[in-house]
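# Observations on chain architecture
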Amino acid sequence: MKYNFDKLSERRHTHSEKWNVKDNELPMWVADMDFMVMPEIQEAVKKVATNGSYGYSFPTEEFFKAYQNWWKSRHDIEIDTKSMIYVTGVVSALDSLVRTLTNAQDNVMILSPVYNNFFTVVTSNNRNLIVSDLIYQNDNFYIDYQDVEEKIKKHNVKLFIFCNPHNPIGKIWSKEDITKLYNILAKYHVQMISDEIHCDIVDPGYKYVPAMSISKDIITCIAPSKVFNLAGLHSALTVVNNPELKNKVEAAFYHDDIGEASYFAVPAVIAAYTYGAEYVDELNQYLLINKEYVKNYLKDNLPHVKYVSGHATYLLWLDISHYGLPSDVFAKELREQTGLFINDGLHYGKNGGAFIRINIATSLDNVKDGMSRLNQFLKGK
Ligand SMILES: Cc1ncc(COP(=O)(O)O)c(C=O)c1O
């Protein structure tokens, strides 16, 4: 391998949110990675750091072209640079989009379990949440299309926020899934937003389907922050193909003060999307080794913890229903007794109460340590 994923960045006692833990604790929670950022990105950041002036910045044509080339070469889709809007983060974008596309008290639909901020961007904006639970069957999750349609009709839903691939279940939605969902939404004039922040993190041999490839009406949020570990640089894109709507969204981002480029993000993103293909391939290979380790470890040592993740993201979704503990209690006691810090499933919806989420974007040694702590906790239970 060209890149060394066993060598981690030292994040303890830095201002890392993930690693702001006690010395004996092992954080496998918030969705960022412990690997060293790709050297080509570090070089690009260092180069502009020595300039000595970190003033207001703008995203250059090269920046938008880098996104365009990446999506064309990796995801077989041509995104018009005119449809791209810079935004500081995907959550900020979703938050602003909810205000721009709906009115107070309107109904917004999501599929649960899902990334926790999907709930807050709706409720904190004084909109009502309409939740359709995913169907959990044979260790897999499925969209309940009938429930989605019935609730849209009943509640006059205006907006739908989709996660593609889906955090926390790690599922890559198929072309058929997205088409079927989009057709229901289009029938009732429900605007669809697709959050595709995890799209580059897929098991080798797998590909995600950009929702935009089903319909250009779907507003899409994309970013290099998960796959290249750049969340602290605050940079993402929202793609809106309808020019009138694009202007409206851009004005809202400007008004919300989330549309101004970060000085360091611009060169970092260009470097990521220009030089990152081999890095991402190797990263996905390494993550698969970690995933396989967990799968085999559970099978051999903790057969009552069920591995139910799909083929995307570095977040594993594990079924702990056998132990009869609500996942918030499970996570709290696990941390107190062993120092292993993971996310409880209730964070992602009421139907997440029998699951935990573990972030395996760290060294295999740390993953082994995590599994052994989980085993220690579950001994005798
Ligand atoms: C589905 C999803 N969307 C958005 C985010 C956060 O995006 P940002 O840091 O750009 O706000 C995350 C982070 O975990 C996520 O999982």
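Quick summary incoming for the structure in this document. Since this is a predicted model, take the numbers as computed values, not measurements.

### Some thoughts on the pairing of strand β12 (residues 315-319)
Within β12, five of the five residues are buried, which leaves the element mostly enclosed by the surrounding structure. Alternating positions in β12 separate into two faces, L315, W317 and D319 on one and L316 and L318 on the other, with burial throughout. Bridge analysis of strand β11 (residues 306-307) against β12 gives two bridges, and the strand direction is antiparallel. Within β12, the position partnered with K306 by the bridge is D319. Sheet topology places β12 next to strand β15 (residues 355-359); five bridges connect them, and they run antiparallel. The residue of β15 that forms the bridge with L315 is N359.

### As for the packing of helix α2 (residues 61-75) against helix α8 (residues 265-275)
Following both chains from N to C, one finds α2 and α8 inclined at 25 degrees, their axes separated by 9 Å at the closest point. By the criterion of interaxial angle, the relationship of α2 to α8 is roughly parallel. Our pair here, α2 against α8, has a crossing hand that is left-handed. Contacts between α2 and α8 involve E62, F63, A66, Y67, W70 and W71 on the former and, on the latter, V266, V269, I270, A272, Y273 and T274.

### Digging into the nonpolar core
It is characteristic of soluble globular proteins that their nonpolar side chains tend to be buried jointly. W71, F228 and Y279 are the most contacted members of the largest nonpolar core, which totals 75 residues. Summarising the domain contributions, this core has at least three residues from each of domain 1 (26-38 + 277-378) and domain 2 (44-275). Look past the residues within four positions of Y279 in its chain and what remains in contact with it is Y3, F5, M33, F35, M36, M38, V227 and F228.

### Some remarks on the packing of aromatic side chains
Considering all chains together, one arrives at 30 aromatic pairs under this definition. Taking 5.4 Å as the distance between ring centres and 50 degrees as the angle between the ring planes, the aromatic pair formed by F5 and Y279 counts as tilted. Of the two residues, F5 sits in the segment before β1 (26-27) while Y279 sits in helix α9 (residues 277-301), which places them 274 residues apart along the sequence. Note on F5: relative accessible area 2%, which makes it buried.

### Quick notes on the sheet that holds strand β14 (residues 343-344)
If you trace the four strands from one edge of the open sheet to the other, you get β11-β12-β15-β14, paired in antiparallel fashion. Of all strands in the sheet, those with a lone pairing partner are β11 and β14, marking the two edges.

Reading the values: rules and limits
Residues numbered from 1 in each chain as written. Predicted model: local features only at pLDDT ≥ 70, side-chain atom pairs only at ≥ 80, totals over all residues. Heavy atoms only, no water. Buried < 20%, exposed > 50% of the residue type's maximum accessible area, 1.4 Å probe, protein only. Helix = DSSP H or I, 4+ residues; strand = E, 2+ residues; numbered from the N terminus. Pairing = 2+ DSSP bridges. Axes fitted to C-alpha atoms, helices over the stretch in contact; angles between N-to-C directions. Parallel < 35°, antiparallel > 145°, perpendicular 65-115°, else oblique. Left-handed = near helix turned anticlockwise from the far one by under 90°. Contact = heavy atoms within 4.5 Å. Core = buried A, V, L, I, M, F, W, Y, C linked by side-chain atoms within 4.5 Å. Domains from an automatic or database assignment. Phe/Tyr/Trp six-rings, centres within 6.5 Å; stacked < 30°, edge-to-face > 60°.

Everything listed here is a matter of geometry and, on its own, says nothing about what the molecule does.
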